[in-house]
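# Survey of secondary and tertiary structure
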Amino acid sequence: MDKLILSKKVILCAGTGGVGKTTISAALGVRAAILGRKVLVLTVDPAQRLATALGINRLQSEDLLVPNQNFPGKLYAAVVESQSVFDSFIRENIKSESLVKKILRNRIYLRLSTGFSGSQEFTALERFLKSYTSEKYDLIILDTPPTGHAINFLDGAAKLEALFQDSVVKWFMKPIGNQNILLSFVSRGTNLAFKALEMITGAEFVTELVEFFSDVFGLKDILVQRMKKVREIFAQQDSAFVLVTSFDSLKMNEAKIFREELMSRGFELSAVIVNRCFPETKAEEIPPKVRPYYQALQKFYQVHREALASLKTTVGTGVEFIEVSDFDQEVYDLKSLEELSRAL
Amino acid sequence: MGKSAVSAALAFQQASLGRRTLLVELGERSFFQEMFQLPKVDYEPTYLKENLDVSIWKSEKCIREYVLHYLPIKKLYQLFFENRVMRTFINAAPAIAELAILGKATSGVRKIGPPMDYDVIVIDCFSTGHFLALLRAPKGFSETIKSGPFGEQTAAITRTMLDESTTAYVLVSTAETLPSVETRELFETLRSEFGLHPLVICNRLLHPPQDAIENEQSSFQKYLKFILERQEKYEKTLRELSPQLVELPLVLDSTGGRDLAHQLSEKLKDQN
């Protein structure tokens, strides 16, 4: 991984939940700092697992210089706080202070910034873009939001973009000077659909919805532009996608799909980190009393071993494979992260 | 963590007690289809074994069923879903999918919507972050929408969900650092935020022979020693959280998904 760490500006760690992606991202960060780079590890995980792995109890939403480090480079870490990223996005892109205040109070907005599907992906990418354009770091490692499917984080923001499309926003917008919302719509179909929404959600909700969409009109262009910029950065030569997967045949099958999906979007997969591998040894080195148990475990892991071999064949050359043994996984402080980073 | 396998084992155990059981998975892609080698797992229940059916609740299907409940006039319903804008909104809207899933899960108890002929529903839920979003959805909604049919339904869903005489919560962990930390955080959040008392299951425990790590010399024995020490440490952490901790082994000799679920369900039975 050293070659990637030294040559890239951005490393994106993708993978499904529960594969140890956050820990691997942190370990990559440590490795980069050991190699002398000024590196930021950005994680979106709300359970703050990175904080645990880095041995600090709390991470602010601002970039934080990880304490007690003694590396040639410097290691920074931050947690993407969806709400605060969204709030700054509104503050920075809406000029009227009273309008900003109004939006931040709107209950639809309060749900949007944390509850809309795609919000977490958007805020992660927006937060990344800010750190990237600040040019403060040699390398940014982005631990992508955990998704059911590794590729979903790239599409998540698109959902939000679709929601902010003019047609949608206009549809909900309150016509200026007209307080009677429902009567102002010309299309009878639209009017009926609105009534249907009102039947389900209540008039109060519809009113706030209309207010919200009227207020954020105009943000869509900025949102779309910023996400476009992010995709451009990801497609550049100095960005690398790393897939973290666990030693599990089902997860490894997903890795194949992930690579295809990446390629179809014009991105390239640089490395696959297979986490928590069962360390195989020669059976004759094991005392006879434990040998049957070793063989039972080995047999249990056989199907996963075969899936890994098949994955390597499918992916072919040009993608680096790194197997991390389950042995190296006891991560509770910076020192243990340093040990794990050696495996990378 | 093996959450899906444990969910399946719980469903197998309930079915073996003679209860009509529905095993449900959430999300867009079926895991159980592969695990149980079924031709298809869909929204409509598929027969798995005696007393046990399996379903996948994709959010769009749940939303449709949920909305249909409020818009019994077919034309209005069609209008709602054929409207592109409305579809975009519904797909991204805060908590609507979550609410529809919970609405479906609690519909039997609330005696609302299409009847579901089951004594128990076992749901293989999302992992931590998304699971909390699921639980928080009705609360967020009832704060946004207080009145109207939606508001009333939301309140009823919340009541059913938080009533521990009808709904039980099971957290699946392993005896490793990060999973046990995450389980502890989730356990405490469920207790403080929702007043819930989840059952904790520690999965995938290794049980090598008694003397396996005596005079450990080989790298495999060192590995085992490391695993066993870690296991002991975090099992203790989990037991402090929940004294009724349920222990499940890493099943090394299963012949497939059904056998795995069966073996685990037998272990669950042993521990009552």
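First, a word on scope: everything that follows refers to the structure included in this document. (Residues numbered from 1 in each chain as written. Chains lettered and ligands numbered in written order. Predicted model: local features only at pLDDT ≥ 70, side-chain atom pairs only at ≥ 80, totals over all residues.)

### Side note on the pairing of strand β3 (residues 52-57) of chain B
Residues and elements named next belong to chain B. β3 sits mainly inside the fold: six of its six residues count as buried. The side-chain alternation of β3 yields two buried faces, one formed by Leu 52, Val 54 and Ile 56 and the other by Asp 53, Ser 55 and Trp 57. As defined by bridge partners, strand β1 (residues 21-26) adjoins β3 across six bridges and the pair is classed as parallel. Bridge pairing links Glu 25 to Ile 56 in β3. Taking the residues between adjacent antiparallel strands as the criterion, strand β2 (residues 46-49) and β3 are bridged by two residues, where Asn 51 takes a positive phi near 70 degrees. (Buried ≥ 20, exposed ≤ 12 C-beta atoms within 10 Å, placed from the backbone. Helix = DSSP H or I, 4+ residues; strand = E, 2+ residues; numbered from the N terminus. Pairing = 2+ DSSP bridges.)

### Re unusual backbone geometry
Phi at A:Arg276 takes a positive value of approximately 60 degrees, unusual for a residue other than glycine. Looking at where A:Arg276 falls in the secondary structure, it is placed in strand β7 (residues 269-277). Take A:Arg276: there are 18 C-beta atoms within 10 Å of it, and that puts it in the partly exposed class. For B:Gln37, which is not glycine, the phi dihedral falls at a positive 50 degrees. With respect to the element layout, B:Gln37 can be found in the loop between α2 (32-35) and β2.

### Points about the nonpolar core
The biggest cluster of nonpolar side chains holds 71 residues, and the ones touching the most others in it are A:Val39, A:Ile140, A:Ile141 and A:Val242. For this core, the leading source of residues is helix α2 (residues 21-34) of chain A, giving eight residues. In this view, A:Ile141 contacts A:Ile11, A:Cys13, A:Ser25, A:Leu28, A:Gly29, A:Val39, A:Val41 and A:Leu42; residues no more than four positions away in its chain are not counted. The next biggest cluster of nonpolar side chains, apart from the first, holds 57 residues, and it includes B:Val24, B:Val41, B:Ile96 and B:Leu248. (Core = buried A, V, L, I, M, F, W, Y, C linked by C-beta atoms within 7 Å. Contact = placed C-beta atoms within 7 Å.)

### A few points about the pairing of strand β2 (residues 38-43) of chain A
For a regular strand, side-chain orientation follows a simple rule: the groups alternate between the two sheet faces. Residues and elements named next belong to chain A. Within β2, five of the six residues are buried, which leaves it mostly tucked inside the rest of the structure. Summarising the sheet, β2 and strand β4 (residues 74-79) pair through six bridges and their orientation is parallel. The partner of Val 39 across the bridge, within β4, is Leu 75. As paired elements, β2 and strand β5 (residues 139-143) share five bridges and run parallel to each other. Among the inter-strand pairings, Val 41 is bridged to a residue of β5, identified as Ile 141.

### Focus: the packing of helix α9 (residues 177-194) of chain B against helix α10 (residues 219-241) of chain B
Residue and element names in this part refer to chain B. It is the contact of α9 with α10, at a shortest axis distance of 10 Å, that shows an interaxial angle of 5 degrees. Considering the angle they form, α9 stands roughly parallel to α10. Mapping the contact onto sequence places Thr 177, Ser 180, Thr 183, Arg 184 and Phe 187 in α9 and Tyr 234, Thr 237, Leu 238 and Leu 241 in α10. Split by residue class, the contact of α9 with α10 holds four nonpolar, four polar and one charged. (Axes fitted to C-alpha atoms, helices over the stretch in contact; angles between N-to-C directions. Parallel < 35°, antiparallel > 145°, perpendicular 65-115°, else oblique. Nonpolar A, V, L, I, M, F, W, Y, C, P; charged D, E, K, R; others polar.)

### As for the sheet that holds strand β4 (residues 120-124) of chain B
Sheets are built from strands paired through backbone hydrogen bonds, the pairs being either parallel or antiparallel. Residue and element names in this part refer to chain B. Read across the open sheet, the four strands follow the order β2-β3-β1-β4; overall the sheet is mixed. Each end of this open sheet is capped by a strand with a single partner; those strands are β2 and β4. Looking at each pair of strands side by side, their axes are set apart by 30 degrees on average, direction ignored. Across the sheet, helix α1 (residues 3-16) lies against β1, β2, β3 and β4, angled at about 170 degrees from β4, the strand it touches most.

### A short note on α2(A)
Residues and elements named next belong to chain A. The end-to-end C-alpha distance of α2 is 20 Å, a good match for the 20 Å that 14 residues give at a rise of 1.5 Å each. Burial analysis of α2 places 14 of its 14 residues in the buried class, the great majority of the element. Following α2 by one or two positions, Gly 36 adopts a phi angle in the positive range, close to 95 degrees. (Expected span 1.5 Å × (residues − 1).)

This is a description of form; function is not addressed.
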